[in-house]
Amino acid sequence: MQDFKKKVIYQIYPKSFKDSNADGFGDLNGITEKLDYLYWLGVDYIWVTPFFISPQKDNGYDVADYYNIDPMFGTMKDFEQLIQSATKKQIGIMLDMVFNHTSTSHIWFQRALQGDRNYQDYYIFREGTPNCPPTNWQSKFGGSAWEYVPSLQKWYLHLFDKTQADLNWENPIVREELKNIIRFWKQKGVQGFRFDVVNLISKPAIFEDDFSGDGRKFYTDGPHVHEYIKELVRDTNIADMVTVGEMSSTSIENCIRYTNPTEKELRMCFNFHHLKVDYKNGNKWELQPVDRKALKNLFITWQTGMQENNGWNAVFWCNHDQPRVVSRFGNDKHYWKQSAKMLASAIHLMRGTPYIYQGEEIGMTNPCFTSIDQYQDIESINYYNILLENKKSKEEALHILQERSRDNSRTPMQWNEHPYAGFSTQKPWMSLTGNYTQINVEREQNDPDSILCFYKKLISLRKQEKAISHGTISFLKKEDDNVLAYIREYEHDQIVVLNNLSDTEQPIYTPLPLENYTLLLGNYNHSSFTHTRILLPYETIVFKHLKNPVLNIK
Ligand code: TEU
């Protein structure tokens with residue numbers, strides 16, 4: 001892969017991206033239809049979330065057959081067409097490999113249920129009696145992480161839904177099966193892979209109760225995880241492709257090992273610590289305002305920690321599990337455009353590979369659903385019930401979902417102002433966000449001052465400026481919670497990025513007088529930036545240091 005540090009990755013949740021056959025569900029041909037748009041935007045890869053055969057209990061993260069495409073999304077021919085058309089536009093396709101667990105509808109699990117011991121060894125079964133699970137671990141979607149099978153008198157482990165049984169990576173046959181899946185898709189022309197919760201694959205030798213948490217301390221970045229990733233990458237020969245691991249509750253030390261090229265594991269990884277700064281006591285289902293001090297400290301720690309040890313971050317605010325960034329860290333009412341642009345700038349100009357999640361680039365907002373019936377996500381529905389059991393009122397529980405539900409990001413993509421936002425001609429599987437007549441691709445493509453055109457500029461800036469793609473990062477104004485400021489440097493180039501994270505004015509600060517800089521990018525239309533002595537609410541300003549100002553005058 002050529003110079004991967006210049007690349008930008010766009011995430012597609014196909015069910016909500018574009019419906020090509022008027023059944024209300026997005027599909028692969030819908031992605032092919034929109035390649036011109038992605039090409040115009042300038043992205044290099046698209047990561048498509050799972051479209052394999054699945055009962056869709058967790059929208060495809062419950063895979064029942066890794067080799068075939070769910071008819072809801074199209075056919076293998078459609079996929080081949082997508083690869084072909086994308087390749088012509090020099091856009092690579094990355095697939096999402098869900099290898100920590102399979103659906104319980106997978107033939108392997110079905111055989112295990114029928115009593116086949118070889119297949120039982122594909123999963124994590126433990127002998128036991130009803131009402132007495134092997135450990136007290138909790139599922140990430142609520143309730144016990146173990147499910148009892150009366151006919152076998154055994155429990156099986158599921159860190160997610162009970163229809164998502166954890167695979168037993170200790171079994172070398174399982175590891176071979178998974179390698180074959182990679183080989184199959186690689187040979188179809190896929191150019192990269194995202195590995196779902198890959199740091200949870202190695203479970204401890206002895207299973208014991210967790211008296212201080214939900215069990216994660218025993219299996220997060222588990223005992224053989226590095227060994228298994230190395231083996232998978234080596235045996236499938238994917239070290240040169242774009243690979244990204246989704247790391248749940250991970251540590252910097254482990255992420256350095258996952259991504260330092262000498263380790264021959266992955267190109268980069270996602271961590272989620274910065275997306276928990278509005279969780280009260282670390283609990284996603286308890287609201288608190290964004291803790292900007294914590295947010296800034298996390299960026300500083302991760303960016304510098306990874307840099308010092310030659311690790312590489314995936315940098316992102318959004319994905320299909322996270323609420324919309326402009327509603328969460330910005331202000332979607334009074335500073336919608338400014339805050340969406342500032343948040344984009346803050347992430348894209350840090351050290352790492354930026355990811356854009358569909359709709360983020362036009363500033364899509366949380367939909368603010370008003371009825372529980374509008375929610376589809378299994379985690380949201382489970383937690384709604386748990387919140388009610390914990391004596392929250394229906395209104396309170398709904399309010400928490402409006403802020404936290406994964407469905408916030410799964411509403412149909414807003415293409416234009418036509419019915420169903422141009423996503424489909426039929427009623428979509430999931431309610432739309434009401435503001436699509438204002439916020440949509442068509443409108444923003446025609447407006448040079450739009451959020452969309454700002455994202456396009458950021459992408460092209462990365463390709464022009466080595467300081468952005470390859471430069472070092474150092475942080476300025478570390479003690480100021482309201483301003484995220486940093487310098488990127490490469491050889492003689494220096495780029496300064498100032499982001500006001502707050503909705504109040506803040507003093508401006510640059511290492512040299514403003515006259516020594518030229519403005520690369522900003523989100524307010526100043527007549528002359530050198531007269532700017534304050535940062536306006538949610539302002540972002542990107543300066544380039546003029547080494548030799550005379551030469552830069554055209
Ligand atoms: O997500 C892993 C994960 O733990 C979270 O993002 C999770 O959704 C959130 O923390 C719950 O509060 C991955 C996928 O991205 C997600 O869509 C899947 O549901 C999950 O794995 C299981 O495959």
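Note that the structure is a prediction, hence the values are computed from the model and not measured.

J.: Would you explain the sheet that holds strand E22 (residues 517-522) in this entry?
T.: Neighbouring strands of a sheet are bound in pairs by backbone hydrogen bonds; such pairs are parallel or else antiparallel. Overall, antiparallel pairing links the 5 strands, which are arranged E18-E19-E20-E24-E22 in an open sheet. Here the strands that pair on one side only, and so sit at the sheet edges, are strand E18 (472-476) and E22. Pairs of neighbouring strands in the sheet enclose a mean axial angle of 25°, with direction left out of account. With 5 bridges connecting them, E22 and strand E24 (residues 540-545) associate as antiparallel partners. Residue pairing for E24: Thr518 is matched across the bridge by Lys544. Contacts between helix H12 (residues 336-348) and the sheet are confined to strand E19 (483-490), strand E20 (493-500) and E24, with E20 contributing the most and set at about 140° to the helix. Of the strands in this sheet, E22 and E24 are in contact with helix H16 (residues 451-464), which crosses E22 at around 130°.

J.: How should the environment of Phe25 be read in this particular structure?
T.: With respect to the helices and strands, Phe25 occurs in the loop between strand E1 (9-12) and helix H1 (28-33). For Phe25, a relative accessible area of 25% corresponds to the partly exposed category. Along the chain, Phe25 and Lys333 lie 308 residues apart, while their C-alpha atoms are 30 Å from each other. Other than its neighbours up to four places away in sequence, Phe25 contacts Lys15, Asp19, Met72, Phe423 and Trp429.

J.: Please clarify how the pattern of salt bridges should be interpreted in this entry.
T.: Side chains that differ in charge, positive against negative, can pair when their charged atoms come close. Overall, the coordinates contain 33 salt bridges when judged by the stated rule. A salt bridge links Glu33 to Lys18, with the shortest nitrogen-to-oxygen separation between them at 3.6 Å. Here the residue Glu33 occupies a position in helix H1, and Lys18 occupies one in the loop between E1 and H1, the gap between them amounting to 15 residues. In this structure, Asp58 engages Arg406 in a salt bridge whose closest nitrogen and oxygen atoms are separated by 2.9 Å. Placement of Asp58 in the loop between strand E3 (52-53) and strand E4 (65-69) and of Arg406 in the loop between helix H14 (394-404) and helix H15 (441-445) is noted, with a sequence separation of 348 residues between them. The burial state of Asp58 is the same as that of Arg406; both residues are buried. A single salt-bridge network, built from bridges that share partners, covers Asp58, Lys284, Asp321, Asp377, Glu379, Arg406 and Arg410.

J.: Please explain the pairing of strand E11 (residues 192-195) as it appears in this structure.
T.: On a regular strand, each side chain points to the face opposite its neighbour's, so the side chains alternate between the two faces of the sheet. Across the two faces of E11 the burial is the same, with Gly192 and Arg194 and Phe193 and Phe195 all buried. In this sheet, E11 lies alongside strand E5 (residues 92-97) in parallel orientation, the contact comprising 4 bridges. Bridge pairing links Met97 to Phe195 in E11. As judged from the 4 bridges shared by E11 and strand E12 (residues 242-246), these two strands associate in the parallel manner. Each residue of the ladder has a partner; that of Phe195, found in E12, is Gly245.

The rules behind each value
Residues numbered from 1 in each chain as written. Predicted model: local features only at pLDDT ≥ 70, side-chain atom pairs only at ≥ 80, totals over all residues. Heavy atoms only, no water. Pairing = 2+ DSSP bridges. Helix = DSSP H or I, 4+ residues; strand = E, 2+ residues; numbered from the N terminus. Axes fitted to C-alpha atoms, helices over the stretch in contact; angles between N-to-C directions. Contact = heavy atoms within 4.5 Å. Buried < 20%, exposed > 50% of the residue type's maximum accessible area, 1.4 Å probe, protein only. Salt bridge = Lys/Arg side-chain N within 4 Å of Asp/Glu carboxyl O.

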